Amino acid sequence: MKHTVRSIAALAGVSRGTVSRVLNNQPDVSPEVRARVLRIIEETGYRRDERFAGGERICIGVIVAHWQNDYFINSTLRGIQRAAREINAGKVTLEIRRMNSRSDEEYIRVCEQLLEIGVRALVLNAPDNVIIAAEIERLMRAGIAVVTYNSDLPGTKRMCHVGQDLAKSGRIAAGLMARSLSSKDQVLVITGNMEFRSNRVRVDGFLEHMERLGFRSDSYILAECYERYDLTHETVCQALERNPRLHGIYMGTENVKACVDALKGVRRRMTVVANDLTPEAKHSLKKGKIDFVVEQDFSGQVYRAILILHELLVYGHRIRHEIVNVNTSIITRELL
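Within each chain, residue numbers correspond to sequence positions counted from 1 in written order. The predicted origin of the model limits local features to residues at a pLDDT of at least 70 and limits the giving and counting of side-chain atom pairs to 80 or more, whereas totals for whole chains, interfaces and linings rest on all residues. Note that water and hydrogens are dropped before the side-chain values are worked out from all heavy atoms of the structure.

Participant: Help me understand the overall build of the protein chain in this model?
Facilitator: Here a strand is any run of E in DSSP of at least two residues, a helix any run of H or I of at least four, and the numbering for each starts at the N terminus. Counting its regular elements, the protein chain contains 12 helices and 12 strands. Its C-alpha atoms put the protein chain at 75 × 35 × 30 Å along the principal axes. Looking at the protein chain as a whole, 57% of its 336 residues are labelled buried. In what follows, residue pairs with any heavy atoms lying within 4.5 Å of each other are defined as contacts. For the protein chain, contacts bridging at least 24 residues in sequence account for 69% of all contacts bridging at least 6. If you sum the accessible surface of the protein chain, you get close to 15700 Å²; carbon and sulfur atoms cover 47% of it. By the counting rule applied here, Lys and Arg register as positive and Asp and Glu as negative, while His and the ends of each chain are not counted. Charged side chains are reduced to one point each, which is NZ for Lys, CZ for Arg, CG for Asp and CD for Glu. With 49 positive and 41 negative side-chain charges, the protein chain shows a spacing of 3 Å between the two charge centroids. Partly exposed residues are those whose accessible area sits between 20% and 50% of the maximum for their type, while under 20% is buried and over 50% is exposed, using a 1.4 Å probe and protein chains only. Shrake-Rupley sampling with a 1.4 Å probe provides the accessible areas, and residues are treated as covered by the protein chains on show and by no other component.

Participant: How should the packing of helix α5 (residues 104-116) against helix α6 (residues 130-141) be read in this particular structure?
Facilitator: When two helices pack together, you describe them by how their axes are tilted relative to each other and by the distance separating the axes. As a packed pair, α5 and α6 sit with axes 10 Å apart at the nearest point and diverge in direction by 10°. Overall, the two elements α5 and α6 adopt an arrangement that is roughly parallel. In contact with Asp104, Tyr107, Ile108 and Cys111 of α5, α6 contributes Ile131, Ile132, Glu135 and Leu139. Interaxial angles span 0 to 180 degrees and are taken between N-to-C directions of axes, which are lines fitted to C-alpha atoms, for helices over the stretch in contact. In what follows, roughly perpendicular refers to angles from 65 to 115 degrees, roughly parallel to angles under 35, roughly antiparallel to angles over 145, and oblique to any angle outside these ranges.

Participant: Where do I start with helix α11 (residues 279-286) in this structure?
Facilitator: Three- or four-residue spacings in an α-helix give side chains the same orientation, since the helix completes a turn every 3.6 residues. Among the residues making up α11, those that are buried are Ala281, Ser284 and Leu285. In a view along the axis of α11, the buried residues occupy a sector of 100°, so they form one face of it. Along its buried surface, α11 packs onto α10 (256-262), β10 (292-296) and β12 (328-331). Relevant arc is that of directions from the helix axis to the C-beta atoms, nothing else.

Participant: Before we go on, may I ask you to explain the packing of helix α7 (residues 166-178) against helix α8 (residues 197-212) in this structure?
Facilitator: In contact at an axis separation of 7 Å, α7 and α8 are set at 40° when each is read in the N-to-C sense. It follows from the interaxial angle that α7 and α8 lie oblique. Two packed elements cross with a definite hand, and for α7 against α8 that hand is right-handed. Of the residues in α8, those in contact with Leu166, Ala167, Ser169, Gly170, Arg171, Ala173, Ala174, Gly175 and Met177 of α7 are Arg197, Ser198, Val201, Arg202, Gly205, Phe206, His209, Met210 and Arg212. Handedness of a helix crossing follows the sense of rotation of the near helix relative to the far helix, less than a right angle counterclockwise being left-handed and clockwise being right-handed.

Participant: Looking at this structure, I do not really get the packing of aromatic side chains. What am I missing?
Facilitator: By convention here, two paired aromatic rings are described through the distance between centres and the angle between planes. Each pair of aromatic rings taken from Phe, Tyr and Trp, with Trp reduced to its six-membered ring, is defined by centres within 6.5 Å and is described as stacked if the planes are under 30 degrees apart, edge-to-face if over 60, and tilted in the remaining cases. The final tally for this structure, using the stated rule, is five aromatic pairs. With a centroid separation of 5.0 Å and 70° between ring planes, the pair formed by phenylalanine 72 and phenylalanine 298 is classed as edge-to-face. Pair noted here: phenylalanine 72 is in helix α4 (residues 70-86) and phenylalanine 298 is in helix α12 (residues 298-315), with a separation of 226 residues, a long-range link. Taking the relative accessible area as the measure of exposure, phenylalanine 72 reaches 4% and is therefore buried. Between the NZ or CZ atom of arginine 82 and the centre of the ring of tyrosine 303, over which it lies, the distance is 3.6 Å. In our convention, an over-ring charge means Lys NZ or Arg CZ found within 6 Å of a ring centre and within 35 degrees of that ring's normal.

Participant: Help me understand the nonpolar core, please; the structure alone is not making it clear to me.
Facilitator: One broad rule of soluble globular proteins: the nonpolar side chains tend to lie buried together. Counting 69 residues, the largest nonpolar core has Val37, Ile60, Ile63, Val123 and Ile306 as its most contacted members. If one sorts the elements of this core by residue count, α12 sits on top with 11 residues. With sequence-adjacent residues up to four places away left out, valine 37 is seen in contact with Ile8, Ala12, Val14, Val19 and Val22. If you look at the next biggest cluster of nonpolar residues, it comprises 24 residues, including Ile190, Val236, Leu246 and Cys259. By convention a nonpolar core is built from buried Ala, Val, Leu, Ile, Met, Phe, Trp, Tyr and Cys residues, the set being connected through side-chain atoms within 4.5 Å.

Participant: Teacher, can you tell me more about the environment of arginine 320 here?
Facilitator: Residue placement: arginine 320 occurs in the loop between α12 and β11 (323-325). Given the relative accessible area of 65%, arginine 320 is considered exposed. With 161 residues separating them along the chain, arginine 320 and methionine 159 place their C-alpha atoms 9.8 Å apart.

Participant: Even after reading the chapter, I still don't get the confidence of the model for the protein chain, so can you show me in this structure?
Facilitator: Low pLDDT marks regions whose predicted coordinates should not be analysed in detail. Of the residues in the protein chain, 96% have a pLDDT of 70 or more, and the chain-wide mean is 91. pLDDT runs from 0 to 100 and stands for how confident the predictor is about each residue. Low pLDDT, under 50, characterises residues 50-55; the stretch is placed with six contacts to residues that sit more than four places away or in other chains.

Participant: Would you mind going over the sheet that holds β10 with me for this structure?
Facilitator: The strands that make up a sheet pair up through hydrogen bonds in the backbone, lying either parallel or antiparallel. When DSSP finds two or more bridges between two strands, those strands count as paired. Read from one edge of the open sheet, six strands run β7-β6-β8-β9-β10-β12, paired in mixed fashion. Because the sheet does not close on itself, it has two edges, and the strands there are β7 (220-224) and β12. The sheet shows a mean angle of 15° between the axes of neighbouring strands, taken without regard to direction. In this structure, strand β9 (residues 271-275) lies alongside β10, joined through three bridges in parallel fashion. What sits directly across from asparagine 275, in β10, is valine 294.

Structure (structure tokens):
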């Protein structure tokens, strides 16, 4: 049997965090408990990943979330590569894990793998739910510094969040949309999985500002399309058929192509505002198929998250801001 931090913790009758603190020679473990854990480690023959044994270098784990659109994955990887060029490679190692799904079970399994090899800190983008929140609490109790990027879990003890000012992004989109519509028009709002706080807050910002600008609460249709092409395409087609007053679409998430494809041949006046300058959005903007893109520095989010932890762990620089926002820009065809 190959022993893990979890199995060592079970045999010692302690938490995984306690085992991690013993392995990393951290304080806050009683001499009796430390001796018991070390004895069980010796008896079982447990061995950590040799790359991170001995405490020679600090390991920061980075979890790359799963997106249907490669643009977000590639942007994240570029941010990681940029950070890797700037950190003190003699003292810090980045351990990257790419998700194959968005399931809570896989998030927890990946966190366990990173804990197993002795990470001191973790950068992740995860859904905002009680399961992931509880996992972050366990990591923090184990002495693991957690920083979130893109989608936050504000009710947890994560140390910092780096991302777009989501409510502001939604308000900007609403302001752009309202300039082209009358208060009698309807708007279709398409988002992804509302379990991700990034989706919820952006949509809330959009809807609240639309109401402030004179649009009634019944003037919009909200659809959760999970970043799926088929579901997005079907939703736009059905909304066009059922709502003759529909003259605006806010793409608060990916699959702009599905929206543009559904609008082919439609002669109705339509204003389309999208979030994120993906290749599909950029192409549609060039062709005049969409009107505005509200852009964020996606790769900059994970880049800054890594550097924040690097400064904390290597130089002892405290984290001064709980929220760090990246730039938000408005892109039109003329600006490309």
